[in-house]
Amino acid sequence: MQWNSRQPFVPPSILDRALLRRAALRYAAHGWAVTPGAHLTGDRFDCGRPACDITGCHPALDSWAASTGDDPARISAWWRRRPYTVLLPTGDTFDALEVPASLGAHGPASGPVAVTAAGRWIFLVRPGSTLRPELEHRLDVVRHGAGSWIPAPPSRMPEGPVRWEIHPARAQWRLPPSAEVQERLAAALGSTRAAGPILVPRQLSRRAA
């Protein structure tokens with residue numbers, strides 16, 4: 001560690017690890033399981049596995065679904081050496097509804113909501129419900145359920161950090177029913193329908209890596 005005349009210089013990687021570890025531990029303290037994700041290095045994500053050729057955001061562990069959890073000791077160990085992205089597995093504690101900003105900004109105002117720098121809004125909801133027909137057929141609407149995950153603040157993506165639009169603490173760590181959030185998103189969709197629907201499949205499952 002280097003010192004200047006005013007304060008010690010702490011390498012950014014150490015600061016990042018501490019910030020990400022603190023966030024992961026806070027999520028875990030509220031019963032939200034976490035798993036480490038590959039961290040951004042230049043323009044690609046690095047998970048530390050020599051044979052891995054995935055360049056986008058992905059879990060850092062081979063058996064990430066089996067290793068996910070909320071144990072403080074394990075979480076602290078994960079973030080001891082690398083500034084891993086904080087990933088929140090979906091399908092158990094909550095599902096996540098990921099929508100474009102044009103829809104999300106006009107959607108629900110309750111419950112935890114994360115926003116990526118790329119303009120994707122992620123609504124955390126109670127798990128288990130499928131998408132309404134109006135949302136099911138849009139390529140730009142994704143339900144993250146079992147086998148999937150989302151990047152959690154303050155993780156950094158190529159476009160910038162993920163942030164909370166509505167922090168879980170502000171929502172008292174409560175999750176709204178999926179049907180309630182989807183109803184409001186569908187209503188918001190009606191006000192933006194001039195752009196036209198984008199058709200295709202619908203639930204995303206991230207079982208890779």
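Before any of the text, the structure's been laid out above.
Keep in mind the model is a prediction, meaning the values are calculated, not measured.

A.B. asks: Could you clarify how one ought to interpret unusual backbone geometry in this entry?
C.D. replies: Peptide bonds are mostly trans, and most non-glycine residues show a negative phi. The amide bond that connects Pro 153 to the next residue, Pro 154, takes the cis arrangement and shows omega of 5°. Note on placement: Pro 154 falls in the loop between β11 (149–151) and β12 (156–157). Within the chain, Gln 172 stands out as a residue other than glycine whose phi angle is a positive 60°. Structurally, Gln 172 is set in the loop between β14 (163–166) and α6 (178–191). Judged by relative accessible area, which is 51%, Gln 172 ranks as exposed.

A.B. asks: What exactly am I supposed to notice about the pairing of strand β7 (residues 95–100) here?
C.D. replies: One face of the sheet, then the other: side chains in a regular strand alternate in exactly this way. Counting buried positions along β7 yields six of six residues, so the element is predominantly enclosed. Side chains of β7 alternate between two faces, with Asp 95, Leu 97 and Val 99 and Ala 96, Glu 98 and Pro 100 buried alike. Alignment of β7 against strand β10 (residues 142–144), held across three bridges, turns out to be antiparallel. Looking across to β10, one finds that Glu 98 is bridged to Val 142.

A.B. asks: How do you make sense of the pattern of salt bridges when you look at a structure like this?
C.D. replies: Two side chains with opposite charge may pair up if their charged atoms get near one another. Inspection of every chain in the model, using the stated rule, returns eight salt bridges. Here Asp 95 and Arg 143 are joined by a salt bridge, their closest N and O atoms 2.8 Å apart. Of this pair, Asp 95 sits in strand β7 while Arg 143 sits in strand β10, placing them 48 residues apart in sequence. As far as the burial class goes, Asp 95 and Arg 143 line up, both buried.

What counts and how
Throughout, residues of each chain are indexed from 1 in the direction in which the sequence is written. pLDDT decides what is reported in this predicted model: residues at 70 or higher carry local features, side-chain atom pairs at 80 or more are listed and counted, and totals for whole chains, interfaces and linings draw on all residues regardless. Side-chain calculation: all heavy atoms of the structure are included, whereas hydrogens and water are not. The secondary structure listing takes helices from DSSP runs of H or I that are at least 4 residues long and strands from runs of E that are at least 2 residues long, numbered from the N terminus. Only protein chains enter the calculation, and the probe is 1.4 Å; a residue is then buried if its accessible area is under 20% of its type maximum, exposed if over 50%, and partly exposed in between. One bridge is not enough; two strands pair if DSSP finds at least two bridges between them. What makes a salt bridge here is a side-chain nitrogen of Lys or Arg within 4 Å of a carboxyl oxygen of Asp or Glu, nothing more.

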